[in-house]
Structures are given as C-alpha cells and as structure tokens.
Amino acid sequence: MVVIAIAGGATRVGLHIIKAILNAKKHKVILLSRSNQLDVAKLEIDIRIVDYGSTQELKRALEGVHTVISCISPYGTDSTSAELNLLQGAKEAGVVRFVPSEWAADCHDIVDLYSQKEIVWQAVQSSGLEYTRFINGLWMNVWGPGCIKDEKEALAGYEGPAFAIDLRAGTATFPGDGSQKVVLTTIQDIGRFVAASLDLPKWQPESRIVGDRLSFNDVAHLVKEICGLDLRITHVPSEELLATLEDEHSASERFYYQLLLSIAIGRLDFESTLNDMFPDIRPLSVAEYLKRHWTST
Ligand SMILES: NC(=O)c1ccc[n+]([C@@H]2O[C@H](COP(=O)([O-])OP(=O)(O)OC[C@H]3O[C@@H](n4cnc5c(N)ncnc54)[C@H](OP(=O)(O)O)[C@@H]3O)[C@@H](O)[C@H]2O)c1
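What counts, and where the lines are drawn
- Residues numbered from 1 in each chain as written.
- Predicted model: local features only at pLDDT ≥ 70, side-chain atom pairs only at ≥ 80, totals over all residues.
- Heavy atoms only, no water.
- 1 Å grid on protein atoms, 1.4 Å probe; cavity = no way out; pocket = protein on both sides within 12 Å on 5 of 7 lines; lining within 4 Å.
- Points joined across faces, edges and corners; volume = space filled by probe spheres on them.
- Helix = DSSP H or I, 4+ residues; strand = E, 2+ residues; numbered from the N terminus.
- Nonpolar A, V, L, I, M, F, W, Y, C, P; charged D, E, K, R; others polar.
- Pairing = 2+ DSSP bridges.
- Salt bridge = Lys/Arg side-chain N within 4 Å of Asp/Glu carboxyl O.

Q: Help me out: how do you make sense of empty space enclosed by the protein in this one?
A: Counted by the stated rule, this structure contains 1 cavity of 30 Å³ or more. The space that makes up the largest cavity amounts to roughly 80 Å³. Residue lining of the largest cavity: Ile72, Ser73, Pro74, Ser79, Thr80, Glu83, Ser101, Leu113, Gln116, Lys117 and Val120, and that is the complete set. When residues of the lining of the largest cavity are traced back to their parent elements, those giving at least two are α4 (79-93) and α5 (112-125). Of the residues forming the lining of the largest cavity, the biggest block, 4 residues, is contributed by α5. Along the lines of polarity and charge, the residues of the lining of the largest cavity split into 4 nonpolar, 5 polar and 2 charged.

Q: Would you take a moment to explain the sheet that holds strand β11 (residues 181-185) for this structure?
A: Whenever strands of a sheet pair, they do so through backbone hydrogen bonds, lying parallel or antiparallel. Spatial strand order, β8-β11-β13: 3 strands in an open sheet with mixed pairing. Taken across any chain shown, the strands that pair with only one partner, and hence form the sheet edges, are β8 (138-139) and β13 (212-215). Direction of pairing for β8 relative to β11: parallel, over a ladder of 2 bridges. Of the residues in β11, the one forming a bridge with tryptophan 139 is threonine 185.

Q: Got a minute to help me understand the pattern of salt bridges in this structure?
A: Any two side chains of opposite charge can pair, given that their charged atoms come close. In this structure the tally under the stated criterion is 17 salt bridges. The salt bridge involving arginine 133 is made with aspartate 106; its shortest N-O contact spans 3.1 Å. Here arginine 133, found in strand β7 (residues 133-135), pairs with aspartate 106, found in the loop between β5 (97-99) and α5; they are 27 residues apart in sequence, far enough to count as distant. Connected through shared salt-bridge partners, Glu102, Asp106, Arg133, Glu206 and Arg208 make up one network.

Here's what the structure looks like:
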C-alpha cells in the first residue's frame, strides 16, 4: 500500500482515477485541492487544501506521498506554474513517481492550449523522479451531450460541447476525408487503467491507453447502424483548417480547429502500450457507447 495524491481530482478524469483506486482497495488516495470539495468529501478520502503558489506548502502536503498524479485543468492562466510548483514540491517531499496532466495526445506543437503542457513535460523528464504521461486520445465522453440514456455516466463530468460529431443535432465535421483513425477512450476506462498501472514495478515514459481506434467514417457507419441516424457531414481538408487558423478566432475556436487538424494528420492515432498488460480491463468501444447512451433499448 502506498499513498497516491491526485491534484485536481475533484472533477472528470481525476475523480474517476480516485474512484478506480478506491475500487481496487490497494492504495490510500488523497485529493489535493484549492478548496474543500464537498462532493469528494463524501468518498471519505483525505482532502489536503493547497496553495499551488507555495512550493513549501505543497512539500508539506506531499509528505509521505509515493505518487502524484496531476489532473490540473490546462485552462487556468496559472495552471503551468501550479504544475511546475507541484513537481518541485513533490521532489522536495521525496515523492517517487509523478504523472503530468496530459490525458490526450502529444499535439503540444499544434494546439496552443497544450503548448504549456510541453513546458511541464520537459521539467518532468529532467526531474529525476520516475514518471509516465498517460496518452488516451479523445475522451469518448465528448459524444455524450444530449444523449437519451444515462447522461451522467455518458458525460462522466464532461461539460463541454460535443466534439466533431453532434449526435443530438445529427451533424458532424470531419477533418480531411474522415478516414484517418483516431483513438477514443472513456474517462471511466482511463481511471481503471491508471489505477492498474500503479502496481507496475516500472513505468514506461509514456503509457498509451486505447479505448477504441477507428476513423470518423467508421463512427458515421456505426451511428447509422446502431442509432438509425444519417449524420449530415461537413468535410474540412487540412489545408482549409490551416487557412482558417490564419484568421482571428476565440481561444475555444482555435482549440477546436487545432484539435481537428491534429486528428487530420494522425496525432490522435497510436498503438496502445497498456492494454495488453491488463487483459482483464476491457475498455468500452464506440459501438457499445452508442448502444448504451444513444439507443433506448
Ligand atoms: N482527451 C480529451 O478529450 C480531454 C478533454 C478534456 C480535458 N482533457 C485533459 O484532461 C485534464 C483535465 O482537464 P479538465 O479540463 O477536465 O479539467 P477540470 O476538470 O476542469 O479541472 C481539473 C481540476 O483542476 C484544478 N484547477 C483548475 N484550475 C487550476 C489552477 N489554475 N491551478 C491549480 N489547479 C487548478 C481544479 O481543482 P481544485 O479546484 O479542486 O483545485 C479542477 O478540479 C487536462 O490535462 C486536459 O487537457 C482531455
């Protein structure tokens, strides 16, 4: 039994990692948060309130902790310094293992919002701590908004708009010709793989999780077959995405186009490194997700 600290674990991916660790009943888990998180308090775990501006405070909060898993949001203006201080606090407290807040794919050079992740990733690699970054592709839960069954489970806390395929509206925007494969994983399955990885004797620098791997064209066929819905698809070639990105856009629009571009050039397509290590974890496929949340049977 070791102590695992989840930074920013009151929501979404962090919360599901906490739940999966508790479910496995092998390790003690604590939450690092900037405030008292009442919903998480119900899980009866220790919550350590921290000021990410103070390395000393983070060091104190991490005394006795073996592994730090960061799920800090990339949106805060001070998120990067928070994660760098967390890493420094972890080093000073004698933490053994560190996971930076990645939870997508390496498109740091394309997506503005992710460029800050690169700074943390470089620091993690030269920290002297054992580390891994979890790469899981697109969260399948981005197709949950407006679903007809078990929406809470479908979203797993995801609050953003549907990404690329809006099943409620029956519309889709496919990067390129829609044939490029993309990895999709539910937040719940990420939690289960992360919890299982805690028991690996040695971590690879990168831990890749594949929930399902298929093209957007394949998804459109599944939507037709399973939900009986013909998506109205707009194809946007990579050149058009690049040209669009030359114009002025809001940060969220830029994020959207840059992520589509990353998909178009295959950055969210990869082989798993973790799935075969944990054959007992059978991740949800897109077909199962559609049946479970977008059909009434
Ligand atoms: N692959 C995908 O499709 C996908 C989709 C969305 C997000 N992600 C990734 O998942 C990770 C979590 O992102 P998210 O948007 O889902 O996060 P989130 O749930 O909005 O936030 C996670 C936690 O971050 C903490 N936080 C927020 N701002 C902070 C700051 N400035 N300093 C320190 N802590 C802060 C908050 O914890 P407290 O308030 O308790 O301190 C919050 O509960 C990110 O790495 C993100 O890039 C991946």
